[in-house]
Amino acid sequence: AIIFSILSVFIIIATLFPLVKFEHWTVRVFDFPFIQFTILTLVISLTWVLFLDITFWDFILLSSLVISLVYRCWVIFPYLKYAPKKVPEAHSSDSGKTIKLLSANVLMHNENYSGLLEIIENKRPDVLLLIETDQKWLDKIGDRLNTIYAYQLLEPLDNTYGMLLYSKFPLEDSETRFLVEDDVPSFKAKIVLKDGLKINFYGLHPKPPTPTENETSIARDAELILIGKECKSSKESVIVAGDLNDVAWSHTSRLFARLSGLLDPRMGRGLFNTYHAHYPFLRWPLDHIFVSYHFKVLKLELLDHFGSDHFPIYDELMFQPSIEAKKNIDLPDKSDKNEAKDKLNMIT
């Protein structure tokens, strides 16, 4: 009973921490294993009920656990297949208005170059975003990808924050930007489809809040806020992709969605846990694709891993604006705007 009391208190604290708007990694780390803690909350609650004698104080703990479990299920439910889809399903295909996107964190020290090329040649994406790519990765796969993709934006780096963007469609106004940190690039480009339709594309990989990277999430959050504000002001369709080093259900990710006016295609389709590929019990959705209301989903899936600690994520989208999707946009309130302003002030 003492052990389960201690575990119960820990779970309750772990539930409260993600609600605290404090950027230090010791707090933000609790955003990530949300599903694992939800399962643990359920197991501990059932153990109390089925196997332990419950005193008055135990009842207080159990009640708090049940409240925590209800809250956790409420947060996770929108990402399950039983929930309504934020981005509608596409039921027909128009090749002139479809775009196939593959985003993959390759793990810089991974050397299975042929494994990645096999996946690319199998899925044949129109747009390919590769993350954690250094010059060695570019040397090993560049020649092959040059025969497939005529348009490129390349920023190989040896600090695990290099990125490569390949496209079968023309890229206009493409640029590499260092919005918050001098060694962390992001991509911005206009993808021009066959009928001249233009899509504003952003590729991101901000640093996570960890003791070995950044002690706080301020830089990551600020980059997402800056991109979100750009997306909101865009008069054209938008796609944001990459390893955001944040989970789908976190406060920061949901704030980004509200500030940008973008939608998460995984909502109503599944969690699509992209990390950690090597440890099935330690997985969460770290790689993301956000889209504007102009798109519907033809296909969304995780692909086989090729030695990286991330699974590639693949999305087939159709440009087909809908009132249904537009109604699903969550709008920012005054507190969201104030929070965004405060976080941007922290980096200036």
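Keep in mind the model is a prediction, meaning the values are calculated, not measured.

## Section: the packing of aromatic side chains
Right, on to step 1. Counted under the stated rule, the structure contains 14 aromatic pairs.
Right, on to step 2. Plain terms: the ring middles of phenylalanine 32 and tryptophan 284 are 6.0 Å apart, the flat faces sit at 55 degrees to each other, and that makes the pair tilted. Note that phenylalanine 32 is positioned in the loop between helix H2 (25–28) and helix H3 (34–51) and tryptophan 284 in the loop between helix H8 (251–260) and strand S9 (287–291), a separation of 252 residues in sequence. This pair shows no difference in class: phenylalanine 32 is buried, exactly as tryptophan 284 is.
Right, on to step 3. Ring geometry for tyrosine 71 against tryptophan 74: centres 6.1 Å apart, planes inclined by 35 degrees, an arrangement best described as tilted. One end of the pair, tyrosine 71, and the other, tryptophan 74, are both in helix H4 (residues 56–76), 3 residues apart, so they sit about a helical turn from each other.
Right, on to step 4. Look at tryptophan 74 and you get exposed, because its relative accessible area is 56%.
Right, on to step 5. One aromatic cluster is present, formed by Phe34, Tyr71, Trp74, Tyr79 and Trp249 through successive ring pairs.
Right, on to step 6. A cation over a ring is seen here: lysine 123 above tyrosine 314, with NZ or CZ 4.6 Å from the ring centre.

## Here's the deal with the sheet that holds strand S4 (residues 163–167)
Right, on to step 1. Overall, mixed pairing links the 6 strands, which are arranged S3-S4-S2-S1-S11-S10 in an open sheet. Of all strands in the sheet, those with a lone pairing partner are strand S3 (151–155) and strand S10 (295–302), marking the two edges. Strand-to-strand, the axes of this sheet are offset by a mean angle of 10 degrees, without reference to chain direction.
Right, on to step 2. Inspection of the sheet shows strand S2 (residues 127–131) paired to S4 by 5 bridges, in the antiparallel sense. Bridging from a neighbouring strand, valine 127 pairs with serine 167 of S4.
Right, on to step 3. The sheet strands contacting helix H6 (residues 135–146) are S2, S3 and S4, and the helix crosses S4 at an angle near 10 degrees.

## Description of the sheet that holds strand S7 (residues 198–204)
Right, on to step 1. A sheet is described by the order of its strands in space; here 5 strands give the open sequence S5-S6-S7-S8-S9, paired in mixed fashion. Lying at the two open borders of the sheet, with one neighbouring strand each, are strand S5 (171–177) and S9. When strand polarity is set aside, the average angle formed by the axes of neighbouring strands in this sheet is 10 degrees.
Right, on to step 2. Relative to S7, strand S6 (residues 186–192) runs antiparallel, the two sharing 6 bridges. Looking across to S7, one finds that lysine 190 is bridged to asparagine 200.
Right, on to step 3. Its contacts with the sheet put helix H7 (residues 218–233) on S5, S6, S7 and strand S8 (237–243), and the angle it makes with S7 is roughly 175 degrees.

## A closer look at the pairing of S4
Right, on to step 1. Counting buried residues in S4 gives 5 out of 5 residues, a clear majority hidden from the surface.
Right, on to step 2. Side chains of S4 alternate between two faces, with Met163, Leu165 and Ser167 and Leu164 and Tyr166 buried alike.

## Points about unusual backbone geometry
Right, on to step 1. The step from tyrosine 275 to histidine 276 runs through a cis peptide bond, and the omega angle for that step is 10 degrees.
Right, on to step 2. In this fold, histidine 276 is placed in the loop between H8 and S9.
Right, on to step 3. Despite not being glycine, threonine 160 has its phi angle at roughly 75 degrees, a positive value.
Right, on to step 4. Mapping threonine 160 onto the fold places it in the loop between S3 and S4.

## So, the nonpolar core
Right, on to step 1. Ile99, Leu129, Leu165, Ile191, Phe201, Ile239 and Phe295 are the most contacted members of the largest nonpolar core, which totals 32 residues.
Right, on to step 2. In this structure isoleucine 99 touches Asp126, Val127, Phe169, Ile191, Leu193, Ile199, Ile239, Phe295, Asp315, Glu316 and Leu317, once residues within four positions along its chain are discounted.
Right, on to step 3. Residues Ala104, Ile120, Trp137 and Leu145 belong to the second largest nonpolar core, which totals 20 residues.

Basis of the calculations
Residues numbered from 1 in each chain as written. Predicted model: local features only at pLDDT ≥ 70, side-chain atom pairs only at ≥ 80, totals over all residues. Heavy atoms only, no water. Phe/Tyr/Trp six-rings, centres within 6.5 Å; stacked < 30°, edge-to-face > 60°. Helix = DSSP H or I, 4+ residues; strand = E, 2+ residues; numbered from the N terminus. Buried < 20%, exposed > 50% of the residue type's maximum accessible area, 1.4 Å probe, protein only. Lys NZ or Arg CZ within 6 Å of the ring centre and 35° of its normal. Pairing = 2+ DSSP bridges. Axes fitted to C-alpha atoms, helices over the stretch in contact; angles between N-to-C directions. Contact = heavy atoms within 4.5 Å. Core = buried A, V, L, I, M, F, W, Y, C linked by side-chain atoms within 4.5 Å.

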